[in-house]
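The chain contents come next:
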Amino acid sequence: MNESLHRLGEYVLLMKKAIAIPDRWSMFFKQLIREIYKLGVDSLWIVVIISVFIGTVIAIQISLNINSPLIPKFTIGYTTREIILLEFSSSIMCLILAGKVGSNIASEIGTMRITEQIDAIEIMGVNSANFLIMPKIIGLMLFIPVLVIFSMFTGIIGGIGASYLDTRMTPSSFEYGLQFYFNSFYIWYSIIKSVVYAFIISSIAAYFGYNVKGGALDVGKASTNAVVMSSIMILLADVIMTHLMLT
Amino acid sequence: MIEVKNLTKSFEGRTVLHNISAVFETGKTNLIIGRSGSGKTVLLKNSIGLIQPDSGEIFYDGRKLIGMGKKELNILRREMGMLFQGSALFDSMTVLENVMFPLDMFSNDSYKEREKRAMFCLERVNLLDAEHLYPSEISGGMMKRAAIARAIALKPRYLFCDEPNSGLDPKTALLIDDLIHDITVEYKMTTIINTHDMNSVINIGENIIFIKEGIKEWQGDKHQVINSNNEALNDFIFASDLFKKVKKAGNHKS
Ligand SMILES: Nc1ncnc2c1ncn2[C@@H]1O[C@H](COP(=O)(O)OP(=O)(O)OP(=O)(O)O)[C@@H](O)[C@H]1O
Ligand SMILES: [Mg+2]
């Protein structure tokens, strides 16, 4: 308990140091573009692949489970859409990204710590936390809505694909279901959630990386811890935000 | 001139530095020598403010480091250059970008001028053909030289080197030593070098501080170091064959 309070305090202090006016805006934007590319654009392919496949599987499994003459066929398309829009493309996608992006951030910053690159930045009179961490946080928060929208889009495409494959549904009823009782707030709800997750992933990973002590082994440990901790925090935030926004 | 007064530092109850006082002179290469684990790196990091000492004072030409305001500290930091034990070049940047980094951060010159200054520094350390390579693509000696170029890019008044020639072959090590010595004289810097390399001691030991288990045992220059009567110092330096030979040769002459 004492240990976790201590860590929480360290985390808050680090964020206070990181979130500040940059020493040089031109350098900040240069870093920002780099991070958006590395953390965001490079994650597009994995988001697309996972979303298409899961979208397909969701549609097939729902058709399997509600195969009853009492339930109209379009329910399959409707339910698939709701699952993807509400939960899959934001929370599940971000849990996956916590693994990819979180470990990347923690190991990059951790390596810079143990090879004294962070000391080298500090000694020049540059705020190292601000220089290294803020572009990652802002970059991920800016780009994650793009990933979420891509995921929604490709997930639905996967579902439509399933409606052609699976004889229990028809493409026309599936498409009718997709448009049935559509609430656009759900998209905003997902995007807002994902932006919060982006902050959680990048700031927690940065914290674990920045505070590495020791050698390469400790960098590995830090990146594992970062992924575990940010996953737990994502789930916790999911419950809280869903309660606040949907009930 | 950098002055360290009564510096004490402990980690988790274990005292690593005991009440160390020393003066590091301008325009000279000041050496801190001692066994591995004696506290050289900790002393250096305390002197530049990367670690906070438990007690003691540090003065940079009269400016008191501990308790210095943020603004003042940032100004002072821009007058410091540091060469880290493992070079600490930024992996994600080329050699040229590494050297330009402090300029990009603090200089108001145009890109062309900054690049020119960086190229000048690279030329000074004899590293002109490697500017577009990444740190992972160059040798250890080249990394050291690139790190020196980065450290002098902003024309520092104070230069700190942590084991500048560890992991280098003797010839390259001498080159690096000479380079540090030459730029120290050329730019009238106050240079502090951590080393346990006996070659460096006879080569550039203009002001030597010997530390044993966190205690300052001895201070003097390269001529005095051979003829000292300090037992701990003799123990340390005559562990090296080279020094035995130097001493023998000295005895023959006299
Ligand atoms: N951050 C730290 N936390 C705890 N102990 C430390 C820390 N940094 C250094 N020490 C301890 O202080 C002592 C002196 O370490 P230091 O790195 O100064 O040695 P050194 O003289 O530079 O050795 P080397 O020549 O091997 O670099 C060592 O016993 C080390 O374990
Ligand atoms: Mg050391």
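These numbers come from a predicted model, not from an experiment.

Describing the overall build of chain A
If you tally the helices and strands in chain A, you get 9 helices and 0 strands. Going from N to C terminus, chain A has its helices and strands arranged as α-α-α-α-α-α-α-α-α. Based on the C-alpha atoms only, the size of chain A along its principal axes is roughly 70 × 40 × 35 Å. Burial analysis of chain A (247 residues in total) assigns 49% to the buried set. Contacts in chain A between residues far apart in sequence, at least 24 positions, make up 86% of those at least 6 positions apart. Summed over all atoms, the accessible surface of chain A reaches about 11,600 Å², with 73% contributed by carbon and sulfur.

Re the site of ligand 1
Residues and elements named next belong to chain B. Within the structure, ligand 1 sits among 14 residues, and S36, G37, K40, T41 and V42 are positioned closest to it. Here an oxygen atom of ligand 1 and a side-chain polar atom of S36 are 2.5 Å apart. Between ligand 1 and E163, the relevant distance is 3.0 Å, taken from an oxygen atom to a side-chain nitrogen or oxygen of the residue. About the coverage of ligand 1: the protein hides 66% of its 640 Å² of free accessible area. Those elements that provide at least two residues to the shell around ligand 1 are strand 2 (14-24) and helix 1 (40-47). Looking at the shell around ligand 1, the element that brings in the most residues is helix 1, giving 3 residues.

Describing the interface of chain B and chain A
If you look at the interface, chain B gives 25 residues, while chain A gives 18 residues. For the pair chain B and chain A, the summed buried surface comes to about 1,900 Å²; carbon and sulfur atoms form 61% of the total. It is R77(B), F101(B) and M105(B) in chain B that bury the most area against chain A; as a group they hold 28% of the surface buried on that side. Scanning the region where chain B abuts chain A turns up 2 salt bridges. A salt bridge links K45(B) to E116(A); the nearest nitrogen and oxygen atoms lie 3.1 Å apart. Joining chain B to chain A, the criterion identifies 7 residue pairs in polar contact (both at pLDDT 80 or more). Breaking the side of chain B that touches chain A down by element, the ones donating at least two residues are helix 2 (70-77), strand 6 (80-83) and helix 3 (95-106) of chain B. Considered class by class, the residues forming the side of chain B that touches chain A number 13 nonpolar, 6 polar and 6 charged.

Describing the sheet that holds strand 10 (residues 215-220) of chain B
In any sheet, the strands associate via hydrogen bonds between backbone groups, in a parallel or an antiparallel arrangement. Residue and element names in this part refer to chain B. On the basis of which strands lie adjacent, the open sheet formed by 6 strands has the order 6-7-8-3-9-10 and mixed pairing. Unpaired on one side and paired on the other, strand 6 and strand 10 mark the two borders of the sheet. Across the sheet, the mean angle from the axis of one strand to that of its neighbour is 15°, orientation sign disregarded. Its contacts with the sheet place helix 1 against strand 3 (29-33), strand 6, strand 7 (158-162), strand 8 (190-195) and strand 9 (207-212), and it is angled at close to 155° to strand 8.

Re the state of the cysteines
All names here are of chain B. Taken as a whole, this structure holds 0 disulfides over all chains when the rule is applied. Sulfur of C121: no disulfide; nearest cysteine sulfur belongs to C161 and is 14 Å away. Look at C121 and you get buried, because its relative accessible area is 1%.

Details of the packing of aromatic side chains
Within the structure shown, the criterion is met by 14 aromatic pairs over all chains. Pairing Y60(B) with F160(B) gives two aromatic rings, centres 6.4 Å apart and planes at 65°, and the pair type is edge-to-face. Of this pair, Y60(B) sits in strand 4 (residues 55-60) while F160(B) sits in strand 7, and the two are 100 residues apart along the sequence. Per residue, the accessibility class of Y60(B) equals that of F160(B), and both read buried. In this structure an aromatic cluster arises from ring pairing among F74(A), Y78(A), Y176(A) and F180(A). The aromatic ring of Y210(A) is capped on one face by R113(A), whose charged end is 4.7 Å from the ring centroid. Over the aromatic face of F90(B) sits the side chain of R150(B), whose NZ or CZ is 4.5 Å from the ring centroid.

Quick notes on the environment of A237(A)
All names here are of chain A. Secondary-structure assignment places A237 in helix 9 (residues 216-246). In this structure A237 comes out as buried when scored by relative accessible area, which is 13%. Taking the C-alpha atoms as reference points, A237 and F29, 208 residues apart in sequence, are found 29 Å from one another. Setting aside anything within four residues of it in sequence, one finds A237 in contact with Y197 and I200.

What to know about the packing of helix 5 (residues 140-152) of chain B against helix 6 (residues 170-186) of chain B
Residues and elements named next belong to chain B. In the contact formed by helix 5 and helix 6, the axes pass within 10 Å of each other and the chain directions differ by 10°. Classified by the interaxial angle, the pair formed by helix 5 and helix 6 is roughly parallel. Along the contact surface, helix 5 presents G141, K144, R145, I148 and I152, while helix 6 presents T172, I176, L179, I180 and I183. Split by residue class, the contact of helix 5 with helix 6 holds 6 nonpolar, 2 polar and 2 charged.

Some points on the pairing of strand 6 of chain B
Residue and element names in this part refer to chain B. Residues M80 and M82 point to one face of strand 6 and G81 and L83 to the other, with burial holding for every one of them. Looking at chain direction, strand 6 and strand 7 are connected through 4 bridges and run parallel. Across the sheet, G81 pairs through a bridge with L159, a residue of strand 7.

Cut-offs and rules
- Residues numbered from 1 in each chain as written.
- Chains lettered and ligands numbered in written order.
- Predicted model: local features only at pLDDT ≥ 70, side-chain atom pairs only at ≥ 80, totals over all residues.
- Heavy atoms only, no water.
- Helix = DSSP H or I, 4+ residues; strand = E, 2+ residues; numbered from the N terminus.
- Buried < 20%, exposed > 50% of the residue type's maximum accessible area, 1.4 Å probe, protein only.
- Contact = heavy atoms within 4.5 Å.
- Areas by Shrake-Rupley, 256 points an atom, 1.4 Å probe, with all protein chains shown as cover.
- Near = heavy atom within 4 Å.
- Polar contact = N/O pair within 3.5 Å; in protein donor to acceptor, adjacent residues only side chain to side chain.
- Buried area = accessible area lost by both parts, 1.4 Å probe.
- Salt bridge = Lys/Arg side-chain N within 4 Å of Asp/Glu carboxyl O.
- Nonpolar A, V, L, I, M, F, W, Y, C, P; charged D, E, K, R; others polar.
- Pairing = 2+ DSSP bridges.
- Axes fitted to C-alpha atoms, helices over the stretch in contact; angles between N-to-C directions.
- Disulfide = S-S within 2.5 Å.
- Phe/Tyr/Trp six-rings, centres within 6.5 Å; stacked < 30°, edge-to-face > 60°.
- Lys NZ or Arg CZ within 6 Å of the ring centre and 35° of its normal.
- Parallel < 35°, antiparallel > 145°, perpendicular 65-115°, else oblique.

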